[in-house]
Amino acid sequence: MTDIWQGLQAALWLVVTLDADLVEITLRSLRVSLTALVIASVIAFPLGTFLAIRRFPLRRTTIALMNALMGLPPVVVGLLVYLLLSRSGPFGVFGLLFTPSAMIIAQVIIITPLIASVAHQAMRDLWADYHDLLISMNVPPHRRILTLIKDGRRALITAALAGFGRAIGEVGAIMIVGGNIDHATRVLTTAIALETGKGDFALALGLGFVLIGLAVGVNLLIHAVSGTERGRRW
Amino acid sequence: MVSPILPLRASGLEVRRRGRPLLGPLDLAITEPGITIVVGPNGGGKTTLLKALHGLERRSAGTVTWGLPTSEAAARQAFVFQTPIMLRRTVRENLTYPLKIARLPGPERGKRVADWADRAGLVPLLNRPATRLSGGERQKLALARALIAAPDFLFLDEPCTNLDGRATREIEELLQAEAARGTAVLMATHDIGQARRLADRVLFLHRGRILEEGPAAEVLSAPTTAALASFVKGDIVE
């Protein structure tokens, strides 16, 4: 109980004093996770929608695989990305290992199946409503996907927020590919792991509270900006 | 002028689901514009017939041909469903949608939306979410959205079911005006009064087969089958 109280005090102190290290790693956490989120959403929204509306051989297998990939162990993803980006790996020439870019790549791989899967479920229901109308209107296939994405944007925001939640709280993969280097790749989660390892539970908890606040804040901001709770909009 | 989309001809048309016959085999030809009404008791295959002709229902056998190549004909048809399907957008955006699909320029879109909103009595509702409209308003919007791109052939599947008298009359007036413009209309209904008010031609569909067809005045005043005679009298037809 004392640790939690001290953690709250530490979190408050870090925020009130705008601790330079805290601001730096918070901004880096946000930059990495939001960039990964945007990239993953650009891939996952059309993919989930495509799988909802198109029939093709192995479609069910593809959906099952996508759902299974939601549970990808981050440490395994981290290891694979590490091997791909290491000097001896196929993409080693780009020198991305231990950079925020490597962390973004790992997070994209982790959250894309999650966002695509949630998006697919939502788009499947919407497609059931729209199917006859859009076919009747002779809407071309690419416009069907765009229509569903536009009209199903509330559900897609939920999918994206689920992805953001997983990305911002992820530690295993980014620890491996980022290396938790001070002033370079340290983010909130890796900093928490480090402080816990050092036995500074108060600071680790403080960072944890900041992380929770950040996740909640971004969720509220996205809801506010997208107007999902306003009565006259969808 | 007869639209180039006509004639519509169905030959040996048959729809089966899991081996069970739902429709046909039947032959059908619509060669003139005007309002053709498919009447018959519920479960007789009216919706299946309309959807099979429009391409929404997979045919088990037979052919459907139009006066135009299939892809061109498809772009000149519209369908109004019994339960209106509303895009989760405003009334204005629902009306604009088919015009965007048809790639009409922006200013022309605006003019047509204003015109059809006025004709369908939807002007005060233009900025309201379509899913919040009443049943009658939704059906008027569905009809206006179907007609806004000026189709040559309009399918309607019992568009006035569950509507009050006023909404029914407004929809019928829109339909008659559109038919007068030269649009061919094929509408399903089990409301014999509506068939009398609107139909130029009537098809009587029972158990998936066309039992009678011809000019509305002749078919409805002198039925030649017991089933249609009972239906016209208002008896239960099984």
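Residues numbered from 1 in each chain as written. Chains lettered and ligands numbered in written order. Predicted model: local features only at pLDDT ≥ 70, side-chain atom pairs only at ≥ 80, totals over all residues.

**Q** Help me out: how do you make sense of the overall build of chain B in this one?
**A** Along its length, chain B carries nine helices and nine strands. Since a compact globule built from 238 residues should have a radius of gyration of about 18 Å, the 18 Å found for chain B is in line with a globular shape. When contacts within chain B are restricted to residue pairs at least 6 apart in sequence, long-range pairs at least 24 apart make up 68% of them. (Helix = DSSP H or I, 4+ residues; strand = E, 2+ residues; numbered from the N terminus. Rg over C-alpha atoms; globule rule 2.2 N^0.38 Å. Contact = placed C-beta atoms within 7 Å.)

**Q** Help me understand helix H3 (residues 91–101) of chain B in this model?
**A** It helps to recall that an α-helix has 3.6 residues per turn; residues three or four apart then point in one direction. All names here are of chain B. Of all the positions in H3, only Val91, Asn94, Leu95, Thr96, Tyr97, Pro98 and Leu99 are classed as buried. Buried residues belonging to H3 abut helix H4 (106–119) and helix H5 (135–147). At the C-terminal side of H3, arginine 103 shows a positive phi close to 60°. (Buried ≥ 20, exposed ≤ 12 C-beta atoms within 10 Å, placed from the backbone.)

**Q** Looking at this structure, I do not really get the nonpolar core. What am I missing?
**A** Across soluble globular proteins, you tend to see nonpolar side chains buried next to one another. Within the largest apolar cluster, 73 residues are counted, with the highest numbers of intra-cluster contacts made by Ile37(B), Val38(B), Ala144(B) and Val202(B). In terms of residues, this core owes the most to one element, H5(B), which gives six residues. There are two domains that each give this core at least three residues, and those are domain 1 (1–14 + 54–187) and domain 2 (199–238) of chain B. Once residues lying within four places of it in the same chain are set aside, the contact partners of Ile37(B) are Met187(B), Thr189(B), Ala195(B), Leu198(B), Ala199(B) and Val202(B). The next biggest cluster of nonpolar side chains, apart from the first, holds 64 residues, and it includes Ala11(A), Ile145(A), Ala159(A) and Ile168(A). (Core = buried A, V, L, I, M, F, W, Y, C linked by C-beta atoms within 7 Å. Domains from an automatic or database assignment.)

**Q** How should I be thinking about the environment of His142(A) in this particular structure?
**A** On the secondary structure map, His142(A) appears in helix H6 (residues 141–151). We classify His142(A) as exposed; it has 10 C-beta atoms within 10 Å.

**Q** Which parts of the structure should I look at to understand helix H5 (residues 100–136) of chain A?
**A** Of all the bends in H5(A), the largest measures some 55° and sits at Tyr130(A). In the stretch just after H5(A), Asn138(A) is the one whose phi turns positive, near 60°. (Bend = angle between axes of the 7 residues up to and from the residue.)

**Q** I'm lost on the packing of H5(B) against helix H6 (residues 165–181) of chain B in this one. Help?
**A** Pairs of packed helices are described in terms of their axes, by the angle between the two and the distance that separates them. Residue and element names in this part refer to chain B. One way to put it is that H5 packs onto H6 with a least axis distance of 10 Å and a crossing angle of 10°. Classified by the angle between their axes, H5 and H6 sit roughly parallel to one another. Residues Gly136, Gln139, Lys140, Leu143 and Leu147 of H5 form the contact with H6, whose participating residues are Ala167, Glu170, Ile171, Leu174 and Glu178. Along the lines of polarity and charge, the residues of the contact of H5 with H6 split into five nonpolar, two polar and three charged. (Axes fitted to C-alpha atoms, helices over the stretch in contact; angles between N-to-C directions. Parallel < 35°, antiparallel > 145°, perpendicular 65-115°, else oblique. Nonpolar A, V, L, I, M, F, W, Y, C, P; charged D, E, K, R; others polar.)

**Q** For this particular structure, what's the right way to read the pairing of strand E1 (residues 8–17) of chain B?
**A** Regular strands have side chains that alternate between both faces of the sheet. Residue and element names in this part refer to chain B. When E1 meets strand E2 (residues 20–30), the two strands line up antiparallel, connected through seven bridges. Bridge pairing in E2 links arginine 9 to alanine 29. Connecting E1 to the antiparallel partner E2 that follows it, the hairpin turn spans two residues, and arginine 18 within it adopts a positive phi of roughly 50°. Here E1 pairs with strand E4 (residues 61–65) via four bridges, running antiparallel. By the bridge assignment, alanine 10 is partnered in E4 with valine 64. (Pairing = 2+ DSSP bridges.)

**Q** I would appreciate a short explanation of the environment of Pro90(A) in the present structure.
**A** Residues and elements named next belong to chain A. Residue position: proline 90 is located in the loop between helix H4 (74–85) and H5. With 10 C-beta atoms counted inside 10 Å, the residue proline 90 sits in the exposed group. Linking proline 90 and glycine 48, residues 42 residues apart in sequence, is a C-alpha distance of 29 Å.

**Q** Please explain the sheet that holds strand E6 (residues 153–157) of chain B as it appears in this structure.
**A** The strands making up a sheet associate through hydrogen bonds between their backbones, and the pairing can be parallel or antiparallel. Residue and element names in this part refer to chain B. If you walk across this open sheet you meet the six strands as E5-E6-E7-E3-E8-E9, and the pairing is mixed. Strands at the two margins of the open sheet, each flanked by one partner only, are strand E5 (77–80) and strand E9 (209–215). When the angles between neighbouring strand axes are averaged without regard to direction, this sheet yields 15°. As judged from the five bridges shared by E6 and strand E7 (residues 184–189), these two strands associate in the parallel manner. Across the sheet, residue phenylalanine 153 finds its bridge partner in E7, namely alanine 184. Strands in contact with helix H9 (residues 226–233) are strand E3 (34–39), strand E8 (201–206) and E9; relative to E9, the strand with the most contacts, it is inclined by about 65°.

**Q** Is there a simple way to think about the sheet that holds E1(B) in this case?
**A** Residue and element names in this part refer to chain B. A sheet is described by the order of its strands in space; here three strands give the open sequence E2-E1-E4, paired in antiparallel fashion. Among the strands making up the open sheet, the edge pair consists of E2 and E4. Within the sheet, the average angular offset between the axes of one strand and its neighbour, ignoring direction, is 20°. Strand contacts of helix H1 (residues 46–54): E1, E2 and E4, with the helix running at about 120° to E1, the strand carrying the most contacts.

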